[in-house]
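Chain by chain, the residues run as shown.
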Amino acid sequence: MHRLTTAGIDIGSSAIKVAVVDEEADGQITVRSAVSERIRRRAPAQVLGLIFERALAEARVGAAADLAYIASTGEGDVAQGLRTGHFYGMTSHARGGLILEPRARTVLDVGALYARAIQVDEHAKVLSYRMTSQCAAGTGQFVENIARYLGVRLDEVGDISNAAQRAEPVSGICAVLAETDVINMVSRGIATGEILRGIHESIAQQLAKLLRAARGKGPVLMTGGLAADAGLRAALTRRLGEDDKAPEILSHPRSLYAGAIGAAAWGAFRHRKLERAAPIDQEAGLA
Amino acid sequence: MTATPPTTAEAARPLTTLLADLEASHRSLGMERVRSWKAAAPERRAIGCLPVFAPREVLWAAGALPVFIRGGGDQLETIRGDAYYQSYICRLPRSTLELGLGGWLDALDGMIFPNTCDVIRNLSGVWSSLFPAKLTRFLDPPQAGDQAAGIRFWRSELSALYRDVCALSGREPAPEALRAAILAYHQARRAARRLEAARIETPWRFPVDETYLLRRAGDVMPPLEWARLVDDYLVAAGARTVRPEDRIRVLVQGAFCEQPPLGLLRALERAGCYVIADDLTLGHLDSDDPDPDPGLDPLQALAEAEMVGRTASAVRYDAQGDRGRCLAAEAKRLHADGIIFAAPSFCDPALLDQPRLTKALGDAQVPYTAFKYAENTGQFQSIREQAGTFADSVKLWGHA
């Protein structure tokens, strides 16, 4: 077996992430580059064009044609024409999660619009999963909206929340009601940290329910945009601490890229599988 | 696959415009194509046919355009139709009644109800009470048993229908007209087969939503005009530069009567599948060609084609009990990686057929997944999720 270089494109609702990885002959995955860009009211295709080139440059890959497989995940239609294949978000996060933290047996993906708990085996095969409903409460977009109301930078949210001594209770059912709650709290002079901690407690309550429903076992690796939020991790650890066998909650500096990394790794797997079945270029003209 | 050069005025249009027009026509409930066809000559008639069978050659020979009515789709709010039915049956009879009571089907001069299921049979009775001035006919195609008796019976049914529709259009029944109709539908069937072959060969050039729109256009178009449209599409779509993707090849089964919304079909392909074959428009030119030999009685030829060559389906008695095995064999013949059972909620024929089909697929190790829909299903997230995880499991852990 030879080394393969592949790319994964994770099209989220608020940001696009691209990872370029090497799969060595022994199956080891090395991340060569991982970049992200927020969409911010631009055409997602335009954003993808920008960061895909950046990811290739950082990985020192000359052109898309030099990649063995380009895999999309998430809202992958944007990558049509560029991609070789598509993997469902859950499948990609499961694989990416295990590449980042091989001990993980549950991946908790908290993105801008959805959260999902995915129970996996040691081969990154999805055993069971649970996903939040369409309501945005408990997701990244909600936290971003609240941070904007409070005039706080997104990367400060976790530390400010953790520094607070108490949490101001917030509606845990509806993002719209919670946002109204926050406006009232600001007018009542509640401290920003207490509001943010209340928000984190509210989200953690929902994520804990999700983990229990998915029967998440073993160490839990958080992926997606909110994985970097230390305040949320702390709140979730506290919330799950109420259980007898509370799992360890983990994060990784590259948690944001778990979907893109996982898609790229599955791409390498597929390339080898198709290569074994028939020479890909002759069979279907796949890159 | 071969296709003739563009021949119709529609060929002059770019593919995107052609597809946009097909979709606009599909979404319109007003049957503009049928109305404009009828407006060209006062003696022209149009007859609606419920799924999954239409005696097209007979109607066409009698001067009537056969028009498949496959429910109201996702554009129609069903209010009056609901008043006639209990809640635990499919949506098709309600939306069809809504179309009738709302005047959407006024262009039709009659309706044919084949014996697809109890619901459609009952609808024929309701329809004849509500629209007594229009021709209403319940047709019960022979199923099995004595083939000679079945052919005799079916010939007499077709003969009576031919006579009645000729009376509507003011034509004299004539064997030559029947033979000409058989030949016209021969060409349409061959076009349908070219379309099927193209999808199987290079599905990335012929997405399911496009080929579906094309087939639905055939539900309301004269046969030769439709055959030319298919060839125009095949030339235009076949010339596209589309990069094939690493997707699984699937057959879609069970959606033969009440139709899924277009968004659902798109969701399946977006989830990582190529739909290479389906039973979505069963009854649309899928039986064997009747023999056009001038020496033969054309009605006899039609009756024999129906008895011998009709496509096996959930609504046809399976005397051998081997439809499951045949489906598994078909999947292998077409190099399909799996089967997606997509059945309308409460569709007895599709849902009662499923267990024995899945048993046979399990025995043959053909992967499958199943979900239900309604013609007005508006949210495809869960279906996309199911199809996406199915595609992933086949690609990563299966034989694809």
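Structural data are supplied above this passage.
Remember, predicted model here, so these are calculated numbers, not experimental data.

Caption draft 1: Molecular detail of the environment of D22 of chain A. Residues and elements named next belong to chain A. Counting through the fold element by element, D22 comes out in strand β2 (residues 15-23). Leave out the neighbours within four places in its chain, and D22 touches R3, L4, T5, Q28, I29, T30 and R32. There is a polar contact of 3.1 Å between the side chain of D22 and the side chain of R32.

Caption draft 2: Structural context of the interface of chain A and chain B. The partner chain B presents 20 residues to the 29 residues of chain A that form the contact. Across the chain A to chain B interface the summed buried area is about 2300 Å²; carbon plus sulfur atoms make up 45%. Viewed at the interface, chain B and chain A are joined by five salt bridges. Run the count over chain A and chain B and you get 17 residue pairs in polar contact (both at pLDDT 80 or more). Of all elements in the fold, only β5 (85-86), α2 (89-100), β8 (126-131) and α8 (258-277) of chain A reach the threshold of two or more residues within the side of chain A that touches chain B. With five residues, α8 of chain A is the single largest residue contributor to the side of chain A that touches chain B. The class makeup of the residues in the side of chain A that touches chain B is 14 nonpolar, nine polar and six charged.

Caption draft 3: Quick look at the pattern of salt bridges. Evaluation of the coordinates by the stated rule reveals 53 salt bridges over all chains. Put simply, D246 of chain B and R270 of chain A hold a salt bridge, and the shortest N to O gap is 2.8 Å. Linking D246 of chain B in the loop between α10 (223-238) and β5 (248-253) with R270 of chain A in helix α8, this pair reaches from one chain into another. Given the relative accessible area of 2%, D246 of chain B is considered buried. Taking the relative accessible area as the measure of exposure, R270 of chain A reaches 2% and is therefore buried. Between R137 of chain B and D164 of chain B there is a salt bridge, with the nearest N and O atoms lying 2.1 Å from each other. A residue pair is termed long-range when its members are at least 10 positions apart, and R137 of chain B in strand β4 (residues 135-139) and D164 of chain B in helix α7 (residues 147-169) qualify at 27 residues.

Analysis parameters
- Residues numbered from 1 in each chain as written.
- Chains lettered and ligands numbered in written order.
- Predicted model: local features only at pLDDT ≥ 70, side-chain atom pairs only at ≥ 80, totals over all residues.
- Heavy atoms only, no water.
- Helix = DSSP H or I, 4+ residues; strand = E, 2+ residues; numbered from the N terminus.
- Contact = heavy atoms within 4.5 Å.
- Polar contact = N/O pair within 3.5 Å; in protein donor to acceptor, adjacent residues only side chain to side chain.
- Buried area = accessible area lost by both parts, 1.4 Å probe.
- Salt bridge = Lys/Arg side-chain N within 4 Å of Asp/Glu carboxyl O.
- Nonpolar A, V, L, I, M, F, W, Y, C, P; charged D, E, K, R; others polar.
- Buried < 20%, exposed > 50% of the residue type's maximum accessible area, 1.4 Å probe, protein only.

From the geometry alone we can't say anything about function, so treat these as descriptive.
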